[in-house]
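Structural characterization, general
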Amino acid sequence: RAFPAADHFRVGCGLCAMLADGLIAVPAQRIAALFLLHDLHRGEAPAAQPFLPFLVDHLTRAREAGGQTEHNLLCLLLADPPSKDVPKRSPLEMRASLSAGEPLPAPS
């Protein structure tokens, strides 16, 4: 985390805006942005996570638009508890495995 905790909300708002406006077009960068949005407030209760509604909405839109990779990633991130496999892999590795149809690791 290169940003001070006080700036996490502003960074997350910027990522939400760029994702919503289609300014992040490279799939690996979109995966990284979604992971960062989730990771910024991962230790907080769901009711206190400011970007959870955006992630859930994005999950729904990804499913409807056929964005299987992003849909699968968000399923992993939003599972309770989230998969511990996700932070260990790079966005390119995640994109490759999710796009290839590898089975999703079950949350532990």
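It should be emphasised that the depicted structure is a prediction, and the values quoted were computed from it without experimental measurement. Residue numbers here run from 1 along each chain, matching the order of that chain's written sequence. Residue-level local features of this predicted model are given only where pLDDT is at least 70; pairs of side-chain atoms are given and counted only at 80 or more, and the full residue set underlies all totals for whole chains, interfaces and linings. Note that the side-chain values use all heavy atoms of the structure and ignore hydrogens as well as water.

1. Regarding the nonpolar core
Quick note on the threshold: Here, nonpolar core refers to any group of buried Ala, Val, Leu, Ile, Met, Phe, Trp, Tyr and Cys residues whose side-chain atoms link them within 4.5 Å. Relative accessible area decides the class of each residue, using a 1.4 Å probe on protein chains only: under 20% of the type maximum gives buried, over 50% gives exposed, and in between gives partly exposed. Secondary structure elements are defined from DSSP: runs of H or I of at least 4 residues count as helices, runs of E of at least 2 residues count as strands, and each element is numbered from the N terminus. Any pair of residues with heavy atoms lying within 4.5 Å of one another is described as a contacting pair.
Counting residues in hydrophobic clusters, the biggest one holds 18 residues, and the most contacted among them are Leu19, Leu34, Leu37, Phe54, Leu55, Leu73 and Leu74. Elements represented by at least two residues in this core include exactly α1 (8–20), α2 (27–39), α3 (52–65) and α4 (68–78). Non-local contacts of Leu37, meaning those with residues more than four positions away in its chain, are made with Gly12, Leu15, Cys16, Leu19, Phe51, Phe54 and Leu55.

2. A few points about the pattern of salt bridges
Close approach of charged atoms allows side chains with opposite charge to pair. As a reminder, the rule being used: Between Lys or Arg on one side and Asp or Glu on the other, a salt bridge is scored when a side-chain nitrogen of the former is within 4 Å of a carboxyl oxygen of the latter.
Inspection of every chain in the model, using the stated rule, returns four salt bridges. The partner of Asp7 in a salt bridge is Arg10, and the shortest N-O contact between them spans 2.2 Å. Residue class for Arg10 comes out exposed when judged on its relative accessible area of 58%.

3. A closer look at the confidence of the model for the chain
Here is the rule we go by: What pLDDT reports is the predictor's confidence in each residue, on a scale of 0 through 100.
Within the chain, residue pLDDT values average 81, and 82% of them lie at 70 or more. Mean pLDDT per element in the chain: helix α5 (residues 91–99) is the minimum at 71, and α1 is the maximum at 93.

4. Observations regarding the packing of α1 against α2
The line we're drawing: For helices, the fitted axis covers only the stretch in contact; all axes are lines through C-alpha atoms, and the angles between them, taken along N-to-C directions, range from 0 to 180 degrees. Should the near helix be turned counterclockwise from the far one by less than a right angle, the crossing is left-handed, whereas a clockwise turn marks it as right-handed. Polar here means any residue outside two lists: the nonpolar Ala, Val, Leu, Ile, Met, Phe, Trp, Tyr, Cys and Pro, and the charged Asp, Glu, Lys and Arg; Gly therefore counts as polar.
Closest axis-to-axis distance for the α1/α2 pair is 10 Å, and the angle between their directions is 145 degrees. In terms of crossing hand, the pair formed by α1 and α2 is left-handed. Counted together, Gly12, Leu15, Cys16 and Leu19 of α1 and Arg30, Ala33, Leu34, Leu36 and Leu37 of α2 form the full contact between these two elements. In the contact of α1 with α2, the residues fall into seven nonpolar, one polar and one charged.

5. Observations regarding α1
Given 3.6 residues to a turn, an α-helix orients residues that are three or four positions apart in the same direction. To keep things clear, this is the line we draw: To estimate how far a helix should reach, multiply one less than its number of residues by 1.5 Å. The directions considered for the arc run from the helix axis to the C-beta atoms.
The end-to-end C-alpha separation of α1 is 18 Å, in line with the 18 Å expected for 13 residues at 1.5 Å each. If you check which residues of α1 are buried, you get His8, Gly12, Leu15, Cys16 and Leu19. Along the axis of α1, the buried positions cluster into a sector of 100 degrees, meaning they face one direction only. Along its buried surface, α1 packs onto α2 and α3. With its phi angle positive at about 75 degrees, Gly22 sits one or two positions after the end of α1.

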